[in-house]
Amino acid sequence: MKLFFDPRQLDHAPALELHNGGYVPYAEHPGRVKNMLARLTETEAPTDRGETPIARIHGPAYLAFLKSAHRQWVDAGRAGDATGYVWPIVGRRPLHLQRIDAQFGQYSFDAASPVAAQTWDGAYWAAQTALAATDAVLNGAPAAFALCRPPGHHAGADYLGGYCYLNNVAIAAQAAIDAGKARVAILDVDYHHGNGTQDIFYDRGDVLFVSIHADPVTDYPFFWGHADECGDGAGEGANLNIPLPRGTGMADYQVALKTALYSIAAFAPEVLLVSFGADTYEGDPISQFKLKTEDFTEIAAQISAADLPTVIVMEGGYATEALGDNVASFLSGF
Ligand code: SP5
Ligand code: ZN
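Small disclaimer: the values here were computed from a predicted structure and weren't measured. (Residues numbered from 1 in each chain as written. Chains lettered and ligands numbered in written order. Predicted model: local features only at pLDDT ≥ 70, side-chain atom pairs only at ≥ 80, totals over all residues.)

(A) A look at the overall build of the protein chain. The helix and strand inventory of the protein chain stands at 10 helices and 10 strands. Its C-alpha atoms give the protein chain a radius of gyration of 18 Å, within 12% of the compact-globule value 20 Å for 334 residues. Principal axes of the C-alpha set define a box for the protein chain whose edges measure 55 × 45 × 40 Å. When burial is assessed residue by residue, the protein chain has 52% of its 334 residues classed as buried. Partitioning the intrachain contacts of the protein chain with sequence separation of at least 6 by distance along the chain shows that 76% fall at a separation of at least 24. (Helix = DSSP H or I, 4+ residues; strand = E, 2+ residues; numbered from the N terminus. Rg over C-alpha atoms; globule rule 2.2 N^0.38 Å. Buried ≥ 20, exposed ≤ 12 C-beta atoms within 10 Å, placed from the backbone. Contact = placed C-beta atoms within 7 Å.)

Here it is as C-alpha coordinates:
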(Lines give C-alpha, C1' and ligand atoms only; values in the text may rest on other atoms or scores of the structure.)
(Ligands and ions follow the chains in the order given, each with its own letter.)
Protein backbone atom coordinates (compact mmCIF):
# COMPACT_ATOMS: atom_id res chain seq x y z
CA MET A 1 0.00 0.00 0.00
CA LYS A 2 1.17 3.54 -0.74
CA LEU A 3 1.94 5.44 2.47
CA PHE A 4 2.08 9.22 2.59
CA PHE A 5 3.70 11.45 5.20
CA ASP A 6 5.27 14.91 5.36
CA PRO A 7 7.79 15.65 8.14
CA ARG A 8 6.60 19.28 8.36
CA GLN A 9 3.58 17.90 10.23
CA LEU A 10 5.91 17.38 13.21
CA ASP A 11 6.41 21.15 13.59
CA HIS A 12 2.95 21.47 15.15
CA ALA A 13 3.68 20.89 18.83
CA PRO A 14 1.49 22.55 21.48
CA ALA A 15 2.94 21.98 24.94
CA LEU A 16 -0.12 21.65 27.17
CA GLU A 17 -3.87 21.06 27.10
CA LEU A 18 -6.57 21.81 29.62
CA HIS A 19 -7.73 18.54 31.17
CA ASN A 20 -10.00 18.10 34.18
CA GLY A 21 -9.32 21.64 35.30
CA GLY A 22 -5.54 21.62 35.05
CA TYR A 23 -2.87 21.76 32.37
CA VAL A 24 -1.31 18.44 31.33
CA PRO A 25 1.13 17.48 28.53
CA TYR A 26 -0.56 17.63 25.10
CA ALA A 27 -1.74 14.11 24.25
CA GLU A 28 -1.55 14.64 20.48
CA HIS A 29 2.23 15.15 20.39
CA PRO A 30 4.79 14.61 17.59
CA GLY A 31 6.11 11.47 19.29
CA ARG A 32 2.97 9.69 18.08
CA VAL A 33 4.22 9.96 14.53
CA LYS A 34 7.73 8.79 15.34
CA ASN A 35 6.28 5.58 16.73
CA MET A 36 4.14 5.03 13.63
CA LEU A 37 6.98 5.80 11.22
CA ALA A 38 9.13 3.18 12.93
CA ARG A 39 6.65 0.58 11.66
CA LEU A 40 6.04 2.03 8.18
CA THR A 41 8.60 1.66 5.44
CA GLU A 42 8.78 3.82 2.34
CA THR A 43 6.54 6.76 3.07
CA GLU A 44 6.21 9.25 0.24
CA ALA A 45 5.99 13.02 0.75
CA PRO A 46 3.00 14.74 -0.82
CA THR A 47 3.42 17.31 -3.56
CA ASP A 48 1.97 20.73 -2.75
CA ARG A 49 -1.56 21.12 -4.14
CA GLY A 50 -1.91 24.59 -2.61
CA GLU A 51 -4.76 26.09 -0.64
CA THR A 52 -7.52 25.66 -3.23
CA PRO A 53 -8.62 22.16 -2.11
CA ILE A 54 -8.48 23.26 1.55
CA ALA A 55 -10.65 26.30 0.77
CA ARG A 56 -13.30 23.96 -0.73
CA ILE A 57 -14.05 22.98 2.90
CA HIS A 58 -12.82 25.80 5.14
CA GLY A 59 -13.94 29.43 4.79
CA PRO A 60 -11.51 32.34 4.23
CA ALA A 61 -12.12 34.00 7.61
CA TYR A 62 -11.36 30.77 9.47
CA LEU A 63 -8.21 30.12 7.43
CA ALA A 64 -7.01 33.67 8.09
CA PHE A 65 -7.62 33.14 11.81
CA LEU A 66 -5.74 29.83 11.86
CA LYS A 67 -2.74 31.29 10.06
CA SER A 68 -2.53 34.38 12.26
CA ALA A 69 -3.78 33.25 15.69
CA HIS A 70 -0.37 32.52 17.19
CA ARG A 71 1.12 35.73 15.78
CA GLN A 72 -1.80 37.72 17.25
CA TRP A 73 -1.28 35.97 20.58
CA VAL A 74 2.38 36.96 20.66
CA ASP A 75 1.52 40.52 19.57
CA ALA A 76 -0.95 40.70 22.46
CA GLY A 77 2.01 40.08 24.78
CA ARG A 78 1.09 36.51 25.67
CA ALA A 79 3.46 33.61 26.28
CA GLY A 80 3.04 29.96 25.26
CA ASP A 81 0.48 28.51 22.86
CA ALA A 82 -2.60 30.47 21.81
CA THR A 83 -5.88 29.27 23.28
CA GLY A 84 -9.40 30.52 23.97
CA TYR A 85 -11.45 30.83 27.13
CA VAL A 86 -14.84 32.26 26.12
CA TRP A 87 -17.48 30.79 23.77
CA PRO A 88 -20.79 32.17 22.52
CA ILE A 89 -23.49 29.80 23.74
CA VAL A 90 -26.56 29.00 21.57
CA GLY A 91 -25.66 30.94 18.45
CA ARG A 92 -22.81 32.84 16.91
CA ARG A 93 -23.37 36.23 15.32
CA PRO A 94 -20.98 37.21 12.53
CA LEU A 95 -19.48 39.99 14.60
CA HIS A 96 -15.96 40.10 13.09
CA LEU A 97 -14.42 40.81 16.47
CA GLN A 98 -10.72 41.62 16.50
CA ARG A 99 -9.51 40.57 19.92
CA ILE A 100 -7.68 37.22 19.77
CA ASP A 101 -9.74 35.82 22.67
CA ALA A 102 -12.98 36.67 20.87
CA GLN A 103 -11.64 35.08 17.68
CA PHE A 104 -10.96 31.83 19.58
CA GLY A 105 -14.56 31.99 20.77
CA GLN A 106 -15.69 32.39 17.17
CA TYR A 107 -13.47 29.73 15.60
CA SER A 108 -13.13 26.91 18.14
CA PHE A 109 -15.34 24.75 20.30
CA ASP A 110 -13.05 23.54 23.07
CA ALA A 111 -10.16 24.76 25.25
CA ALA A 112 -7.91 21.79 24.63
CA SER A 113 -6.60 22.54 21.13
CA PRO A 114 -4.06 25.37 21.30
CA VAL A 115 -2.59 27.01 18.24
CA ALA A 116 1.20 26.86 18.45
CA ALA A 117 3.76 28.68 16.32
CA GLN A 118 3.85 25.99 13.62
CA THR A 119 0.24 24.79 13.79
CA TRP A 120 -0.75 26.19 10.41
CA ASP A 121 2.22 24.52 8.70
CA GLY A 122 1.59 21.17 10.37
CA ALA A 123 -2.11 21.23 9.57
CA TYR A 124 -1.44 22.38 6.00
CA TRP A 125 0.90 19.45 5.34
CA ALA A 126 -1.49 17.01 6.99
CA ALA A 127 -4.16 18.15 4.52
CA GLN A 128 -1.67 17.81 1.65
CA THR A 129 -0.84 14.30 2.86
CA ALA A 130 -4.54 13.33 2.75
CA LEU A 131 -4.85 14.86 -0.74
CA ALA A 132 -1.83 12.90 -2.00
CA ALA A 133 -3.28 9.60 -0.75
CA THR A 134 -6.59 10.50 -2.38
CA ASP A 135 -4.88 11.20 -5.71
CA ALA A 136 -3.12 7.83 -5.52
CA VAL A 137 -6.48 6.09 -5.12
CA LEU A 138 -8.17 8.21 -7.81
CA ASN A 139 -5.30 7.15 -10.09
CA GLY A 140 -5.97 3.47 -9.52
CA ALA A 141 -4.34 2.38 -6.27
CA PRO A 142 -6.77 0.07 -4.43
CA ALA A 143 -5.87 1.70 -1.10
CA ALA A 144 -3.55 4.36 0.29
CA PHE A 145 -2.70 5.56 3.79
CA ALA A 146 -2.28 9.20 4.81
CA LEU A 147 -0.29 9.54 8.04
CA CYS A 148 -1.95 12.80 9.02
CA ARG A 149 -1.05 14.78 12.07
CA PRO A 150 -2.61 16.91 13.46
CA PRO A 151 -5.79 14.87 12.99
CA GLY A 152 -8.86 16.45 11.39
CA HIS A 153 -12.26 14.93 12.11
CA HIS A 154 -13.31 17.31 14.89
CA ALA A 155 -12.63 20.44 12.80
CA GLY A 156 -15.64 22.00 11.10
CA ALA A 157 -15.77 24.40 8.18
CA ASP A 158 -15.00 27.32 10.48
CA TYR A 159 -13.84 25.92 13.79
CA LEU A 160 -11.06 23.92 15.42
CA GLY A 161 -11.27 21.53 18.37
CA GLY A 162 -10.32 18.06 19.60
CA TYR A 163 -6.66 18.44 18.48
CA CYS A 164 -7.99 19.15 14.95
CA TYR A 165 -7.50 22.30 12.82
CA LEU A 166 -8.13 21.35 9.18
CA ASN A 167 -10.49 18.48 8.40
CA ASN A 168 -8.17 16.24 6.39
CA VAL A 169 -10.74 13.58 5.51
CA ALA A 170 -13.36 16.16 4.46
CA ILE A 171 -10.81 17.95 2.26
CA ALA A 172 -9.96 14.56 0.72
CA ALA A 173 -13.63 13.62 0.20
CA GLN A 174 -14.33 16.95 -1.49
CA ALA A 175 -11.29 16.46 -3.74
CA ALA A 176 -12.72 13.09 -4.83
CA ILE A 177 -16.08 14.75 -5.60
CA ASP A 178 -14.30 17.54 -7.49
CA ALA A 179 -12.42 14.89 -9.49
CA GLY A 180 -15.79 13.62 -10.74
CA LYS A 181 -16.87 11.01 -8.21
CA ALA A 182 -20.64 11.22 -7.76
CA ARG A 183 -20.83 9.62 -4.31
CA VAL A 184 -18.22 9.09 -1.63
CA ALA A 185 -18.59 7.50 1.79
CA ILE A 186 -16.64 8.30 4.94
CA LEU A 187 -16.37 5.62 7.63
CA ASP A 188 -15.09 7.07 10.91
CA VAL A 189 -13.72 4.47 13.33
CA ASP A 190 -11.92 6.82 15.72
CA TYR A 191 -13.03 6.40 19.36
CA HIS A 192 -14.54 9.88 19.29
CA HIS A 193 -17.40 11.02 17.08
CA GLY A 194 -16.19 12.94 14.02
CA ASN A 195 -18.40 15.94 14.68
CA GLY A 196 -16.58 18.23 12.25
CA THR A 197 -16.91 15.82 9.33
CA GLN A 198 -20.57 15.22 10.16
CA ASP A 199 -21.23 18.96 10.34
CA ILE A 200 -19.49 19.69 7.01
CA PHE A 201 -21.55 17.13 5.07
CA TYR A 202 -24.75 17.13 7.16
CA ASP A 203 -26.97 18.63 4.45
CA ARG A 204 -25.34 16.89 1.50
CA GLY A 205 -26.52 13.77 -0.25
CA ASP A 206 -23.29 13.10 -2.18
CA VAL A 207 -21.19 12.28 0.91
CA LEU A 208 -22.32 9.56 3.31
CA PHE A 209 -20.91 9.87 6.82
CA VAL A 210 -20.97 6.77 9.03
CA SER A 211 -19.33 6.81 12.46
CA ILE A 212 -18.79 4.19 15.16
CA HIS A 213 -17.73 5.86 18.40
CA ALA A 214 -18.07 6.12 22.16
CA ASP A 215 -21.53 7.26 23.20
CA PRO A 216 -21.40 11.06 23.49
CA VAL A 217 -23.59 10.80 26.57
CA THR A 218 -20.37 9.80 28.38
CA ASP A 219 -17.58 10.90 26.05
CA TYR A 220 -16.17 13.84 24.12
CA PRO A 221 -17.48 15.66 22.05
CA PHE A 222 -20.77 15.23 24.00
CA PHE A 223 -22.92 17.54 21.85
CA TRP A 224 -22.74 15.52 18.62
CA GLY A 225 -22.66 11.86 17.68
CA HIS A 226 -26.06 10.81 18.98
CA ALA A 227 -27.98 8.15 17.07
CA ASP A 228 -30.82 10.48 16.09
CA GLU A 229 -28.54 12.73 13.99
CA CYS A 230 -29.46 11.49 10.52
CA GLY A 231 -28.69 14.40 8.17
CA ASP A 232 -30.76 17.28 6.87
CA GLY A 233 -32.36 18.30 3.58
CA ALA A 234 -30.54 16.62 0.68
CA GLY A 235 -28.40 14.90 3.32
CA GLU A 236 -31.28 13.28 5.15
CA GLY A 237 -30.40 9.62 5.57
CA ALA A 238 -26.75 10.22 4.60
CA ASN A 239 -25.53 10.41 8.19
CA LEU A 240 -25.36 7.36 10.44
CA ASN A 241 -24.10 7.46 14.02
CA ILE A 242 -23.50 4.22 15.90
CA PRO A 243 -22.65 5.13 19.51
CA LEU A 244 -21.30 2.32 21.71
CA PRO A 245 -20.87 2.17 25.48
CA ARG A 246 -17.57 2.46 27.32
CA GLY A 247 -16.00 -0.96 27.68
CA THR A 248 -17.00 -2.15 24.20
CA GLY A 249 -14.81 -5.00 22.95
CA MET A 250 -14.41 -6.68 19.57
CA ALA A 251 -17.60 -8.80 19.65
CA ASP A 252 -19.93 -5.81 19.98
CA TYR A 253 -17.72 -3.62 17.81
CA GLN A 254 -18.07 -6.08 14.94
CA VAL A 255 -21.87 -5.94 15.09
CA ALA A 256 -21.66 -2.15 14.71
CA LEU A 257 -19.14 -2.49 11.89
CA LYS A 258 -21.46 -4.83 10.04
CA THR A 259 -24.27 -2.27 10.27
CA ALA A 260 -21.92 0.49 9.11
CA LEU A 261 -20.67 -1.51 6.12
CA TYR A 262 -24.21 -2.49 5.19
CA SER A 263 -25.25 1.15 4.99
CA ILE A 264 -22.13 2.01 2.98
CA ALA A 265 -22.87 -0.80 0.50
CA ALA A 266 -26.47 0.44 0.13
CA PHE A 267 -25.16 3.95 -0.68
CA ALA A 268 -22.96 2.48 -3.47
CA PRO A 269 -20.10 4.98 -3.20
CA GLU A 270 -17.34 5.19 -5.78
CA VAL A 271 -14.69 5.87 -3.14
CA LEU A 272 -14.44 5.06 0.57
CA LEU A 273 -12.49 7.22 2.99
CA VAL A 274 -11.71 5.83 6.43
CA SER A 275 -11.02 8.11 9.40
CA PHE A 276 -8.87 5.69 11.38
CA GLY A 277 -8.25 6.35 15.06
CA ALA A 278 -6.30 3.82 17.09
CA ASP A 279 -7.78 5.28 20.27
CA THR A 280 -10.27 2.38 20.37
CA TYR A 281 -7.29 0.32 21.64
CA GLU A 282 -7.61 -1.19 25.11
CA GLY A 283 -4.46 0.59 26.29
CA ASP A 284 -5.43 4.07 25.12
CA PRO A 285 -4.89 6.57 27.96
CA ILE A 286 -7.88 8.82 27.16
CA SER A 287 -10.40 6.27 25.82
CA GLN A 288 -12.47 3.36 27.10
CA PHE A 289 -12.94 0.69 24.41
CA LYS A 290 -11.25 -2.69 24.65
CA LEU A 291 -9.94 -3.47 21.16
CA LYS A 292 -6.70 -5.44 20.93
CA THR A 293 -3.89 -4.88 18.46
CA GLU A 294 -4.89 -7.92 16.38
CA ASP A 295 -8.52 -6.75 16.24
CA PHE A 296 -7.46 -3.88 13.95
CA THR A 297 -6.42 -6.38 11.27
CA GLU A 298 -9.86 -8.01 11.36
CA ILE A 299 -11.66 -4.64 11.25
CA ALA A 300 -9.58 -3.62 8.25
CA ALA A 301 -10.21 -6.96 6.52
CA GLN A 302 -13.95 -6.44 6.86
CA ILE A 303 -13.67 -2.88 5.50
CA SER A 304 -11.50 -4.19 2.68
CA ALA A 305 -14.16 -6.78 1.81
CA ALA A 306 -16.43 -3.87 0.77
CA ASP A 307 -14.15 -3.89 -2.29
CA LEU A 308 -14.04 -0.10 -2.72
CA PRO A 309 -11.08 2.11 -3.57
CA THR A 310 -10.09 3.21 -0.06
CA VAL A 311 -8.24 6.20 1.36
CA ILE A 312 -7.22 5.72 4.99
CA VAL A 313 -6.68 8.94 6.93
CA MET A 314 -5.05 8.85 10.38
CA GLU A 315 -7.00 10.46 13.23
CA GLY A 316 -6.42 9.81 16.95
CA GLY A 317 -4.62 7.18 19.04
CA TYR A 318 -2.68 8.14 22.17
CA ALA A 319 -1.11 4.92 23.46
CA THR A 320 2.12 6.08 21.87
CA GLU A 321 4.14 2.92 22.52
CA ALA A 322 1.55 0.71 20.81
CA LEU A 323 0.60 3.13 18.03
CA GLY A 324 2.99 1.75 15.41
CA ASP A 325 1.84 -1.80 16.09
CA ASN A 326 -1.83 -0.80 15.95
CA VAL A 327 -1.44 1.10 12.67
CA ALA A 328 0.61 -1.71 11.14
CA SER A 329 -2.03 -4.20 12.29
CA PHE A 330 -4.80 -2.14 10.66
CA LEU A 331 -2.95 -1.64 7.38
CA SER A 332 -2.10 -5.34 7.15
CA GLY A 333 -5.82 -6.11 6.89
CA PHE A 334 -6.07 -4.41 3.47
C1 SP5 B 1 -8.70 13.24 17.12
C2 SP5 B 1 -9.04 12.87 18.52
O3 SP5 B 1 -8.97 11.71 18.89
N4 SP5 B 1 -9.35 13.86 19.35
C5 SP5 B 1 -9.71 13.58 20.69
C6 SP5 B 1 -9.94 14.80 21.47
C7 SP5 B 1 -10.33 14.43 22.88
N8 SP5 B 1 -10.22 15.54 23.75
C9 SP5 B 1 -10.92 15.39 24.98
C10 SP5 B 1 -10.27 14.41 25.90
C11 SP5 B 1 -9.28 15.11 26.78
C12 SP5 B 1 -8.35 14.17 27.44
N13 SP5 B 1 -7.10 14.79 27.74
C14 SP5 B 1 -6.18 13.88 28.32
C15 SP5 B 1 -4.80 14.38 28.36
C16 SP5 B 1 -3.91 13.37 29.03
N17 SP5 B 1 -2.53 13.74 28.90
ZN1 ZN C 1 -10.30 10.17 18.91
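(B) Layout of the nonpolar core. Ranked by size, the top nonpolar core spans 98 residues in total, and within it Ala130, Ala146, Ala172, Leu273 and Val313 carry the most contacts. Per element, the largest residue contribution to this core is 12 residues, and it comes from helix H5 (residues 119–138). Residues in contact with leucine 273, not counting those within four places in the same chain, are Val169, Ala172, Ala173, Val184, Ile186, Val311 and Val313. (Core = buried A, V, L, I, M, F, W, Y, C linked by C-beta atoms within 7 Å.)

(C) Local environment of the site of ligand 1. Surrounding ligand 1, one finds 19 residues, the nearest of these being His19, Pro151, Gly162, Tyr220 and Gly316. Looking at the shell around ligand 1, the elements that each hand over two or more residues are strand S2 (16–19) and strand S3 (22–25). Tallied by class, the residues present in the shell around ligand 1 amount to nine nonpolar, six polar and four charged. (Near = placed C-beta within 6 Å. Nonpolar A, V, L, I, M, F, W, Y, C, P; charged D, E, K, R; others polar.)

(D) Representation of the sheet that holds strand S9 (residues 271–276). The parallel open sheet is built from eight strands, whose spatial order is S4-S1-S5-S10-S9-S6-S7-S8. Where the open sheet ends on each side, the last strands, each with one partner, are strand S4 (43–44) and strand S8 (239–244). Of the pairings in the sheet, the one linking strand S5 (residues 143–146) to strand S10 (residues 310–314) comprises four bridges and is parallel in character. The residue of S10 that forms the bridge with phenylalanine 145 is isoleucine 312. (Pairing = 2+ DSSP bridges.)

(E) Up close: the pairing of S3. Note that S2 and S3 share four bridges and pair antiparallel. For leucine 16, the partnering residue across the bridge sits in S3 and is proline 25.

(F) Region of interest: unusual backbone geometry. Of note, the bond from arginine 149 into proline 150 is cis; its omega dihedral lies within 30 degrees of zero at 0 degrees. That bond from tyrosine 220 to proline 221 is cis: its omega, 10 degrees, falls within 30 degrees of zero. In this fold, proline 221 is placed in the loop between strand S7 (207–214) and S8. A positive phi is found at alanine 268, a non-glycine position, where the angle reads about 50 degrees.

(G) Spotlight on helix H3 (residues 60–75). In this model H3 runs 22 Å from its N-terminal to its C-terminal C-alpha over 16 residues, within 8% of the 22 Å that 1.5 Å per residue would give. The largest bend in H3 is about 50 degrees, located at serine 68. In this structure, the buried residues of H3 make contact with helix H4 (100–107) and H5. One or two steps after H3, the chain reaches glycine 77, where phi turns positive at roughly 85 degrees. (Expected span 1.5 Å × (residues − 1). Bend = angle between axes of the 7 residues up to and from the residue.)

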